[in-house]
Amino acid sequence: GGAAGGAAAAEASPAEAPSGSKDMLMSRASAVRARLCNDPEVSVRYTEASGDCFYEAIVVALQELGHVFVSVDMLRSVVAESLGEETFSVYRLLYQQSAEGFAFMKGIGSLDALRAKVRVAGRKAGGRNCVWADGFAMETIASHFRLCLLIVDERMPSSQRFTRIMPKPIEPSSPTAAA
């Protein structure tokens, strides 16, 4: 999951705790809060691993910051429109090399096809039929909304569990660039 503003979410945990697991979910939330210095401004919500979990966490965080019209579909469109030929080529190469996480590139032959695939939401098509957020998507969203994201991946060893993604610096525009 991700954290932005005052929200944090952890991936791959059910939104509704299965029978007998509520105590486990609460203790995991407490552990995440403790790692964040028990900041009262931080809330922890678990998101289901649907293929949209990163985007859903960002929607919650942005809504807490006052962005009421944000949605998973809108965030996926921001990422899709940010894709360029260079990223498409890197993804295609990674797929050809059988790199983990790039099976979604099967049958994708153009940048437009990749953009269309990125727009497909996991809740609508299923988690196996959509593109999950990767580093490019996370950095794109961080830069677009000028957010610092804290990604909590509970599957990683504790020393690698937290990743911070900062927005790209804004490049100064020169008055002669438009001429």
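All values reported here derive from a predicted model rather than from experimental measurement. (Residues numbered from 1 in each chain as written. Predicted model: local features only at pLDDT ≥ 70, side-chain atom pairs only at ≥ 80, totals over all residues. Heavy atoms only, no water.)

1. A word on the overall build of the protein chain
Logical step 1: Check the secondary structure of the protein chain and you find 7 helices and 5 strands.
Logical step 2: Within the protein chain, contacts between residues at least 6 apart in sequence are counted, and of these 61% link residues at least 24 apart.
Logical step 3: Surface summary for the protein chain: the accessible area is close to 10400 Å², and the carbon and sulfur share equals 54%. (Helix = DSSP H or I, 4+ residues; strand = E, 2+ residues; numbered from the N terminus. Contact = heavy atoms within 4.5 Å. Areas by Shrake-Rupley, 256 points an atom, 1.4 Å probe, with all protein chains shown as cover.)

2. Structural notes on helix H2 (residues 53-64)
Logical step 1: Spanning 12 residues, H2 covers 17 Å between terminal C-alpha atoms, matching the ideal 16 Å at 1.5 Å per step.
Logical step 2: Within H2, 9 of the 12 residues are buried, leaving the element largely enclosed by the surrounding structure.
Logical step 3: Within H2, the full set of buried residues consists of Cys53, Phe54, Tyr55, Glu56, Ala57, Ile58, Val59, Ala61 and Leu62.
Logical step 4: Downstream of H2 by one or two residues, Gly66 has phi in the positive range, about 100 degrees. (Expected span 1.5 Å × (residues − 1). Buried < 20%, exposed > 50% of the residue type's maximum accessible area, 1.4 Å probe, protein only.)

3. Observations concerning the pattern of salt bridges
Oppositely charged side chains may form a pair once their charged atoms are brought near each other.
Logical step 1: Tallied over the entire structure, the rule returns 5 salt bridges.
Logical step 2: Between Asp73 and Lys124 there is a salt bridge, with its nearest N and O atoms 2.7 Å apart. Separated by 51 residues along the polypeptide, Asp73 in helix H3 (residues 72-82) and Lys124 in helix H6 (residues 122-125) bring together distant segments of the chain.
Logical step 3: A residue is classified by how much of its surface remains accessible, and Asp73, at 33% relative accessible area, is partly exposed.
Logical step 4: You can call Lys124 exposed: its relative accessible area is 66%.
Logical step 5: For the salt bridge of Glu81 with Arg119, the shortest nitrogen-to-oxygen distance reads 2.1 Å. Pair noted here: Glu81 is in helix H3 and Arg119 is in the loop between helix H5 (111-118) and H6, with a separation of 38 residues, a long-range link. (Salt bridge = Lys/Arg side-chain N within 4 Å of Asp/Glu carboxyl O.)

4. Side note on the side chain of Asp52
Logical step 1: Tracing the backbone shows Asp52 in the loop between strand S3 (43-46) and H2.
Logical step 2: A polar atom in the side chain of Asp52 sits 2.9 Å from the backbone nitrogen of Arg123.
Logical step 3: What Asp52 contacts, discounting residues up to four positions off in sequence, is Val72, Arg76, Ala121, Gly122 and Arg123. (Polar contact = N/O pair within 3.5 Å; in protein donor to acceptor, adjacent residues only side chain to side chain.)

5. A short note on the nonpolar core
Logical step 1: Of all hydrophobic cores here, the largest spans 32 residues; its most connected members are Phe54, Leu75, Leu114, Ile141 and Leu149.
Logical step 2: Where this core is concerned, the elements lending two or more residues are H2, H3, helix H4 (85-96), H5, helix H7 (135-145) and strand S4 (149-152).
Logical step 3: Beyond its immediate chain neighbours, meaning those up to four positions away, Phe54 contacts Ala133, Ala137, Met138, Ile141, Leu149 and Ile151. (Core = buried A, V, L, I, M, F, W, Y, C linked by side-chain atoms within 4.5 Å.)

6. A short note on the environment of Ala121
Logical step 1: Assignment of secondary structure puts Ala121 in the loop between H5 and H6.
Logical step 2: Judged by relative accessible area, Ala121 falls into the buried class, the value being 5%.
Logical step 3: Taking the C-alpha atoms as reference points, Ala121 and Ser50, 71 residues apart in sequence, are found 8.9 Å from one another.
Logical step 4: The residues contacting Ala121, other than those within four sequence positions of it, are Asp52, Val72, Asp73, Arg76, Gly126 and Cys130.

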